[in-house]
Amino acid sequence: MKTQYLLSLIALSVASACQAASYTEPLGPSQMDMGGAGLMQTPSGRMAKDGEFSLNYRDNDQYRFYSINVQLFPWLESTIRYTDVRTRQYSANENFSGDQTYKDKGIDLKLRLWEEGYWLPETSVGIRDFGGSGLFDSEFIAASKAWGPLDFTLGLGWGYLGNSGNVKNPFCEVSDGYCTRNNAHRSAGSFNTGDFFHGPASLFGGVEYQTPWQPLRFKLEYEGNDYEGDFAGRLKQDSPVNVGAIYRLGKWTDLNLSYERGNTVMFGVTFRTNFNDLTQQHRDSEKPAYAPQPQTDMLQHQVVAQQLTDMDSNAGFAGPHIQVKDRTLYMTGEQYKYRDNAEGVDRANRILVNNLPANIDTLKVTQTRQNLPLVTTETDVKSLQDTLAGYPLGHEQPLKQRRTEPDVPKNAEQGYYIERDRLQLGWAPVLNQSFGGPESFYMYQIGVEGSANYWLTDHWVTSGTLFGNIINNYDRFKFTAPPSDSHLPRVRTRIREYVQNDVYISNLQTTYMDRLGDGWYGQLYGGYLEMMYGGVGGEVLYRPLDKNWAVGLDGNYVKQRDWDNMMQFADYTVATGNLTGYWQPGFLDGVLVKASVGRYLAKDKGVTFDVSRRFDSGITAGAFATFTNVSKEDYGEGSFTKGFYLSIPLDLLTPTPNRSRAQLNWIPLTRDGGQMVGRKYYLYGLTEERSPALE
């Protein structure tokens, strides 16, 4: 009876819409129950707007679905999902996991084949749960076509989406092997590509209707799953037809309600934003107005003192130096305020040109990081003055400005500077967290981290970081024994023993860094390099200016720190290192591809791939995977090391501009294979200003 009422309501709404002369513009694709653009249980061929980010929660009697969906590119959708199976316990051992219900991790990808045209539907192919335990593993092809306020979808699914087998698998015509599928659930984190597009297949489809009242949408679908072999148990399906509604609450929130399988209510919420559109209005000093006051040949102490102060407070350059040599005025400093390097250079040029010494025809602003000179922006003074003064209408000329290798005079004729303190102190709150553990789904630690750097010379720094715990629930950690299925040295799986220390020195090292030549940078370091390892190492990087590639090499000899007394060492030592290539493909906006080949902490050898995209807001989303010569049997559960991360510029959250970032990492399972040693400084990150594509 409930189904009849819902179907009658949708039919009445559709009939009204078809008779209307116009309709409200649709709000774009909505999220399905498991995450990703679609109806309820079934995906569509649609893609969300480039950069869209969604947090999704759905709940019914058998499952809770928690998912994150990111539209990485206009043609690629990715989903990370945790499923709480409410009908099963995490473990039969109550002393191990208590009454916690079973948690499953999953990864989905959907690739658009072509966009919607006048006749052609928008069509996509996807893989669900390909990096999980296979509870919901599926493959599908789906096509969507809009007609007024109606968006129709028709698809063909395999695996979980095709369990009912309402059509013959078309690939059976190619080989009889495609007619069967291994439905045994895999170990977490493994890829079972051999079952792709195998087994029963089913047609699915439906329609999403945008009502004349824009916040409200309705959905109707026919699904191809019969729930006969569901992990939550054999679920009763009174009808393969599902109905639902979505209500847009404000700009960022969708409320979802549906009636599925003819007997089950599903409800949930979606929080949405777009990584390309996020901005923040900052309280900031205005750019210096153009008000030239020409000076004599000699730098005037009071004038330069004010310029140096303005370089810090207005242009965001720490430790600024102003020098004159021949007919060039130089300014050198470290940009700490603006993510957009051009903003800092523009402000610096205005400060310099307003009180320009006589006979100066060139300005050179050099940016540094950790006292490493990175890039010089050279500006023609006459062109800058004409630009700031304003050209007559129709006679505008481009500013004569170019980026060059760092140019800092060693023997200037005149110069003043503000010296940075040799000792630099800081502190920051810290939130360490993990999801999906056997003892508790969510584990957390809130603490504070204090840091100190002391520069012995311009290139030699000694630094340390002390962590202090404030509150955590790490007392729930009950399992610290070695994984039963791993045969590798325990280079990372002792993480639980380390983090249960309330106070520890996470880093204490001395580092020498220098520019070795055009495009060449190097560092040597030694001490407690990270929470688990101490030792010595070095890195060299070649990064040509304004090129989309770079190459680096690091080598380390490290010893494992003792987890019971972190000021001492355990017996394990290893030599490790990597050759890393960096590439920013010009045909993919904001993308960075990294590939590292080398030896890892467990003495295994292999390669790590890391792909990330920086969106217009500065948020970076990335994923990595490491494949080594360790077999799946020796590696254990998970098969290989992999993870995902978000890097968020904090000036999206703060009222004033800054360059600080926060990183959120998600590593489904920590194992010992394919693990790299950490270090305080990474030369590629320190030299970011040499690549305009990542500004």
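Residues numbered from 1 in each chain as written. Predicted model: local features only at pLDDT ≥ 70, side-chain atom pairs only at ≥ 80, totals over all residues. Heavy atoms only, no water.

Draft legend 1. Representation of the packing of helix α4 (residues 341-354) against helix α5 (residues 381-389). Direction vectors running N to C along α4 and α5 enclose 100°, while the axes themselves pass 11 Å from each other. In terms of their interaxial angle, α4 and α5 are classed as roughly perpendicular. Listed contacts from α5 to Asn 349, Arg 350 and Val 353 of α4 are Leu 384, Gln 385 and Leu 388. For the contact of α4 with α5, the per-class residue count stands at three nonpolar, two polar and one charged. (Axes fitted to C-alpha atoms, helices over the stretch in contact; angles between N-to-C directions. Helix = DSSP H or I, 4+ residues; strand = E, 2+ residues; numbered from the N terminus. Parallel < 35°, antiparallel > 145°, perpendicular 65-115°, else oblique. Contact = heavy atoms within 4.5 Å. Nonpolar A, V, L, I, M, F, W, Y, C, P; charged D, E, K, R; others polar.)

Draft legend 2. Structural detail: the pattern of salt bridges. Per the stated rule, a full pass over the model turns up 50 salt bridges. For Arg 64, the salt bridge is made with Asp 84, and the minimal N-O distance between the two is 2.9 Å. Residue Arg 64 is found in strand β2 (residues 63-73), and its partner Asp 84 is found in strand β3 (residues 76-89); the two are separated by 20 residues along the sequence. Residue class for Arg 64 comes out partly exposed when judged on its relative accessible area of 23%. (Salt bridge = Lys/Arg side-chain N within 4 Å of Asp/Glu carboxyl O. Buried < 20%, exposed > 50% of the residue type's maximum accessible area, 1.4 Å probe, protein only.)

Draft legend 3. Layout of the sheet that holds strand β13 (residues 317-325). Here six strands make up an open sheet; going across it, the order is β17-β16-β15-β14-β13-β18 and the pairing mixed. Here the strands that pair on one side only, and so sit at the sheet edges, are β17 (401-404) and β18 (414-417). Adjacent strand axes in the sheet meet at a mean angle of 15°, parallel and antiparallel pairs treated alike. With eight bridges joining them, strand β15 (residues 362-369) and strand β16 (residues 372-380) adopt antiparallel strand pairing. (Pairing = 2+ DSSP bridges.)

Draft legend 4. Focus on the environment of Val 408. Note that Val 408 resides in the loop between β17 and β18. Owing to a relative accessible area of 35%, Val 408 belongs among the partly exposed residues under this scheme. Here the alpha-carbon distance between Val 408 and Val 365, two residues 43 residues apart in the chain, equals 9.1 Å. Val 408 has contacts with Gln 323, Thr 332 and Thr 366, leaving out every residue within four places of it along the chain.

Draft legend 5. Representation of the state of the cysteines. Taken as a whole and judged by the stated rule, the model has one disulfide. Between the sulfur atoms of Cys 172 and its disulfide partner Cys 179 the distance amounts to 2.2 Å. (Disulfide = S-S within 2.5 Å.)

Draft legend 6. Highlighting the environment of Tyr 454. Residue position: Tyr 454 is located in strand β20 (residues 442-455). Assessed through its relative accessible area of 40%, Tyr 454 is described here as partly exposed. When the C-alpha atoms of Tyr 454 and Ser 175 are compared, they prove to be 68 Å apart, with 279 residues separating the residues in sequence.

Draft legend 7. Spotlight on the nonpolar core. Val 491, Tyr 498, Met 531, Tyr 533, Val 558 and Leu 601 are the most contacted members of the largest nonpolar core, which totals 26 residues. With three residues, the top contributor of residues to this core is strand β26 (residues 569-583). Those residues in contact with Val 558 that lie beyond four places of it in its chain are Leu 529, Tyr 533, Gly 534, Gly 535, Tyr 572, Thr 573, Val 574, Leu 601 and Val 677. The next biggest cluster of nonpolar side chains, apart from the first, holds 21 residues, and it includes Met 331, Val 353, Leu 363 and Val 381. (Core = buried A, V, L, I, M, F, W, Y, C linked by side-chain atoms within 4.5 Å.)

Draft legend 8. Here's a closer look at the packing of aromatic side chains. Applying the stated criterion across every chain yields a total of 29 aromatic pairs. Between the aromatic rings of Tyr 498 and Trp 563, the centroid separation amounts to 6.3 Å while the plane-to-plane angle is 75°, which identifies the pairing as edge-to-face. In this pair, Tyr 498 is assigned in helix α6 (residues 495-499) and Trp 563 in the loop between β25 (549-561) and β26, connecting sequence segments 65 residues apart. No difference in accessibility class separates Tyr 498 from Trp 563, as the two residues are buried. Aromatic pair Tyr 542 and Trp 549: ring centres 5.8 Å apart, planes at 55°, arrangement tilted. Chaining the aromatic ring pairs together yields one cluster made of Tyr 57, Tyr 66, Tyr 82, Phe 441, Phe 644 and Trp 666. Against the face of Tyr 227 rests Arg 261, its NZ or CZ located 5.0 Å from the ring centre. The positively charged end of Arg 561 is found above the aromatic ring belonging to Tyr 528, 4.2 Å away from the centroid. (Phe/Tyr/Trp six-rings, centres within 6.5 Å; stacked < 30°, edge-to-face > 60°. Lys NZ or Arg CZ within 6 Å of the ring centre and 35° of its normal.)

Draft legend 9. How the structure looks around a nonpolar patch on the surface. Taken together, the side chains of Trp 427, Leu 431, Phe 435, Tyr 442, Ile 446, Val 448, Ile 470 and Ile 471 define a hydrophobic patch exposed on the protein surface, amounting to about 780 Å² of accessible area. Among the elements of the structure, β19 (423-435), β20 and β21 (460-472) are those that each provide at least two residues to the nonpolar patch. (Patch = residues over 30% accessible without salt bridge, like charges linked within 9 Å, V, L, I, M, F, W, Y side chains within 5 Å. Areas by Shrake-Rupley, 256 points an atom, 1.4 Å probe, with all protein chains shown as cover.)

Draft legend 10. Local environment of the pairing of β26. As defined by bridge partners, β25 adjoins β26 across 12 bridges and the pair is classed as antiparallel. Within the sheet, the bridge partner assigned to Asn 556 lies in β26 and is Thr 576. Where β26 and strand β27 (residues 591-599) come together, seven bridges link them in antiparallel fashion. Bridge assignment links Leu 579 to a residue of β27, and that residue is Val 597.

Draft legend 11. Structural view of α5. If you check which residues of α5 are buried, you get Val 381, Ser 383 and Leu 384. Looking down the long axis of α5, one finds its buried residues gathered within 160° of arc, a one-sided arrangement. Exposed residues on α5 whose side chains face more than 90 degrees from its buried face are Lys 382 and Ala 389. The elements touched by buried residues of α5 are α4, β15 and β16. One side-chain oxygen at the N-terminal end of α5 lies 3.3 Å from the backbone nitrogen of Lys 382; it belongs to Asp 380. A positive backbone phi angle near 100° is found at Gly 390, which sits one or two residues after α5. (Arc of directions from axis to C-beta. Polar contact = N/O pair within 3.5 Å; in protein donor to acceptor, adjacent residues only side chain to side chain.)

Everything listed here is a matter of coordinates, which is why it stays silent on function.
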